[in-house]
Amino acid sequence: MGCTSHDNFDDSYFNSSFRSFMCLFLAGECMKDKLKITICLIPFLVLFYFSLGSEAYSSEEDKKLEQKPNLTMAELWNGNYAKDYQSYLEDHFPLRTSFRKIATNVEQAFGIKEKNDVYFGKQDQLVEKTEPQANGKKMIQTLNKVQEKFNYINSSLMLIPSKSSIYKEYLPDHVSSSEVEEMNELYYNLTINDINLVQTLTGKKNDYPLYYRTDFTWTSYGAYYAYLEYCEKNDIEPVPMTEYEIKKVSETYYGDLYYKTLDGTIPADTIYQFVKDEPKYQVSYTKKEHEKDTFYQNDYLKQVHKKGFFLGEDDGEITITNPEVHNGKELLIVKDDSGNEIVPFLSQHYEKVYVLNVDEAKNLSDWIKDHEKVTDLLYIATMNHIDQNNAWLEIR
């Protein structure tokens, strides 16, 4: 998962509180009243000023914090200093996280069902709000054009459906989603293979937790069933689930949707790892210029971004070599911030697997020409996030 901080929360509570305070201060009927108020407030203002932190990051909110702006005449004159300083005050407001949690609880008590595009769903679930993806058709056209250049490559598109498309029962009353219909239309216009996961995931949704309750994306179980669907479409004999030992590697994971709401009533998620006897893979990270013999990075389990356990955080390009496979097949996976969990499953069937973040795939045609042995290409895109990443439209 790919992992991102959450800097666009609705902080209207703090904005309104700050403005209200200033209005009360300026509302004195005379200078004498203002002077009395000022004298009384000085100790509290001094205490407040020195209580402000200077941290750059909040692990409680998974958020980069605004830093104290530098005072210059130019910034003061154009108003940027006041604006930036207000943002700094809001981010370093004492007990900010506690106030946000209280605000969430109050909103739920008053029957509010949504916050920052996240529904407070049923059965202790946070559910991301789905929106029509304006760039969906353009993305399909882009992928079709790439296929025209490389029609000898076996190419597929896997759209990851939102939790609400599989678990409609989690949605609040009177809320619906048209995402499945939109996905079907995109697949209809596709000239490469479609890996439609809706039916498979819906059929298994009561057997295993396919999605995290505090995140928008799939668990290892969801990724496993996506792997089965891929294998069926590509005539690959999958590894049965019974051959894996399924371990709980963390029971304290909180995903993106939690940090958007800070809903403390939702229990933490469990991260599962599918384990079996495997060869010593060669996992090479291009940007970091290092190599490992495993997909899994335990250090991330001690951090906020625990999903980095699967291949680490997105590194641009990763090359995986399986020394026990000699079938002449190489797979290129182009994906967004989701999808890492499926890579270990697919790597069992190819001599090499290349994992390329879509942000690094603008010159995909040149990349393929430089890797002539690639036989298969799989695009993995989170359906509800297509519009969030224009890189899908920039592939050439």
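Placed above this text is the structure.
Keep in mind that what you see is a predicted model, and the values were worked out from it rather than measured.

**Structural notes on the sheet that holds strand β11 (residues 290-292)**
Turning to step 1, where the next piece is worked out: One open sheet accounts for eight strands, arranged β7-β6-β15-β13-β14-β12-β10-β11; its pairing is mixed. Each having just a single partner strand, β7 (193-194) and β11 make up the two edges of the open sheet.
Turning to step 2, where the next piece is worked out: Relative to β11, strand β10 (residues 282-285) runs antiparallel, the two sharing three bridges. Bridged to valine 283 within β11 is lysine 292.

**Concerning unusual backbone geometry**
Turning to step 1, where the next piece is worked out: Residue aspartate 235 is not a glycine yet carries a positive backbone phi of 55 degrees.
Turning to step 2, where the next piece is worked out: Tracing the backbone through its elements, the reader meets aspartate 235 in the loop between α10 (220-233) and β8 (245-253).
Turning to step 3, where the next piece is worked out: Of note in this structure, leucine 262 is not a glycine but carries a positive phi near 50 degrees.
Turning to step 4, where the next piece is worked out: Inspection of the secondary structure assignment puts leucine 262 in the loop between α11 (256-261) and β9 (269-275).
Turning to step 5, where the next piece is worked out: When its relative accessible area of 0% is taken as the criterion, leucine 262 is described as buried.

**Describing the pattern of salt bridges**
Opposite charge on two side chains makes pairing possible when the charged atoms of those side chains draw close.
Turning to step 1, where the next piece is worked out: Across all of its chains, the model carries 11 salt bridges by this definition.
Turning to step 2, where the next piece is worked out: With its nearest N and O atoms 3.9 Å apart, the salt bridge here joins glutamate 251 to lysine 248.
Turning to step 3, where the next piece is worked out: Residues glutamate 394 and lysine 362 are paired through a salt bridge, measuring 3.4 Å at the closest nitrogen-oxygen approach. In this pair, glutamate 394 sits in the segment after β15 (376-382) while lysine 362 sits in the loop between β14 (352-357) and α13 (364-370), placing the two residues 32 residues apart along the sequence.
Turning to step 4, where the next piece is worked out: The class for glutamate 394 is partly exposed, based on a relative accessible area of 33%.
Turning to step 5, where the next piece is worked out: A residue is classified by how much of its surface remains accessible, and lysine 362, at 41% relative accessible area, is partly exposed.
Turning to step 6, where the next piece is worked out: Members of the salt-bridge network, linked through shared partners, are Glu114, Lys129 and Glu131.

**Description of the nonpolar core**
Turning to step 1, where the next piece is worked out: Membership of the largest hydrophobic core comes to 87 residues, with the highest contact counts inside it found for Met139, Leu157, Met158, Leu159, Leu332, Val334 and Tyr379.
Turning to step 2, where the next piece is worked out: In terms of residue count, α10 provides more of this core than any other element does, eight residues in total.
Turning to step 3, where the next piece is worked out: Counting 10 residues, the second-largest nonpolar core is a separate cluster that includes Val118, Phe216, Tyr259 and Leu262.

Criteria and thresholds
- Residues numbered from 1 in each chain as written.
- Predicted model: local features only at pLDDT ≥ 70, side-chain atom pairs only at ≥ 80, totals over all residues.
- Heavy atoms only, no water.
- Pairing = 2+ DSSP bridges.
- Helix = DSSP H or I, 4+ residues; strand = E, 2+ residues; numbered from the N terminus.
- Buried < 20%, exposed > 50% of the residue type's maximum accessible area, 1.4 Å probe, protein only.
- Salt bridge = Lys/Arg side-chain N within 4 Å of Asp/Glu carboxyl O.
- Core = buried A, V, L, I, M, F, W, Y, C linked by side-chain atoms within 4.5 Å.

Worth remembering: the numbers are spatial, not functional.
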